[in-house]
Amino acid sequence: MSNLPAPKPKRKSMLSFPRHEAAHLEALFSSIGEGIIATDEHGFITRVNQAALDLLGYRQRDILHKRFTEKIIAVHENGRPLDLLDRPIVKAFITGHSTSERAYYRRKDGQVLPVLITVSPIMFRRKPIGAIELFRDLTNEIENDKLQSDFISIASHQLRTPLSAINMYTRMLQGGMAGKLSEPQLEYTRIVLGSVERMNELIDTLLNITRIEAGGLSVRTEFVRFNLLLRAIVEEFEPAAHAKRIAFTHDIPAELSEMQSDSLLLREVCANIISNALKYTPEQGTVHVSLEQRSNTVLLSVKDNGYGIPETARKHIFTKFFRAPNITTDDVSGTGLGLYLTKALTERLGGEVWFESTENAGSTFYVSLPLTLR
Ligand code: ADP
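Each value, and the rule that gives it
Residues numbered from 1 in each chain as written. Predicted model: local features only at pLDDT ≥ 70, side-chain atom pairs only at ≥ 80, totals over all residues. Heavy atoms only, no water. Helix = DSSP H or I, 4+ residues; strand = E, 2+ residues; numbered from the N terminus. Near = heavy atom within 4 Å. Polar contact = N/O pair within 3.5 Å; in protein donor to acceptor, adjacent residues only side chain to side chain. Areas by Shrake-Rupley, 256 points an atom, 1.4 Å probe, with all protein chains shown as cover. Nonpolar A, V, L, I, M, F, W, Y, C, P; charged D, E, K, R; others polar. Salt bridge = Lys/Arg side-chain N within 4 Å of Asp/Glu carboxyl O.

Asks: Can you explain the environment of Ala-22? Please cite residues and give values.
Replies: With respect to the secondary-structure elements, Ala-22 resides in helix H1 (residues 19-31). The spatial distance from the C-alpha of Ala-22 to the C-alpha of His-76 is 37 Å, given a sequence separation of 54 residues.

Asks: Break down the site of the ligand for me, citing the residues and quoting the values.
Replies: In the vicinity of the ligand, 20 residues are found, and the nearest of them are Asn-276, Tyr-280, Arg-323, Thr-335 and Leu-339. Thr-335 has a polar backbone atom sitting 2.7 Å from an oxygen atom of the ligand. Burial of the ligand by the protein amounts to 98% of the accessible area it has alone, namely 530 Å². Only helix H9 (263-279), helix H11 (338-348) and strand S13 (362-370) provide two or more residues apiece to the shell around the ligand. Examining the composition of the shell around the ligand, we find that 3 residues originate from one element, H9, more than from any other. In terms of residue class, the shell around the ligand is built from 10 nonpolar, 7 polar and 3 charged.

Asks: Please provide a residue-by-residue account of the pattern of salt bridges, values included.
Replies: Applying the stated criterion to the full structure yields 17 salt bridges. Notably, a salt bridge pairs Asp-109 with Arg-107, separated by 3.2 Å at the nearest N-O pair. Through salt bridges with shared partners, a single network forms among Glu-34, Arg-136 and Glu-141.

Structure representation (structure tokens):
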């Protein structure tokens, strides 16, 4: 759009409204708290509301009838200008589709403002005849997110100390260091240790989520023998499967190309998927883990014949804190964080996660990962 000739200013709009409708629109435009800027087909600003002017620190005459991409400066967090083709408004013009993205705008006073931008092209006979951009100041949201993740991070670290004390003293009791325990007392110590373990896992999950959301999760690439790693994880889950009399089988190749990935993150992904399969399958069910090598990826699949996921819940399954309604009524404990984290970690490892499921028949979760992490 930037190479097109300048428009004749104050052209009559292609769409004309009765006067009172125009007044309604005007009132709507100026009362919306988000910044709104409209452009014509050449990318020249035809309208701007007060919120946009306040957010950017401009007066109307500074930007009206000026080229949008020249006057409204989009930058990276470090202040470096965004390439023209990366600007949402340019993308909307090129593709003819709405787009919504986070970016930073440089205000007139030079300050950088985090914003969420939504641009919709105005299409007429399949051609863009203008665009409307809405943008919202994200400063408070970013500050709140940071406060929240600092809080989770501090609280989680603080919980570790008393938990390790509970763990240590319970093990001492179990080991008979305060006298021989009766069978019910031993059983209670096992329950306490099981809860300590679950709390430690929850703390790990929360810390990983705050790290990944803050962009601070580093991936340490190394050569990994994924087949051996997966076998070890499966073995760790055997007691849990045994306790529910679940037929827990696997088909993991003895030979597999060496992968370049992060074994700790891989472990977390696999453990989450396998533990869910065991958790959401009733007693005496079946869970099957398999691993296949494709050309330059590996595919992990975990198939169970458990409760399955209801149709209405499917699109939310990777959302933070989401738990499907069939599960909450079946009273299986959980937080709804595992799959959210699994998806984020899988994507950090360059892979994808998805599933197929039928309620009351079972689910199969798939994780595809590249052999080499770029
Ligand atoms: P949690 O297990 O702590 O609830 P997850 O994020 O791991 O959290 O899973 C989110 C939801 O997805 C679960 O609450 C459950 O409703 C559904 N789910 C995940 N795995 C399965 C599975 N194998 N079978 C049926 N439902 C599942």
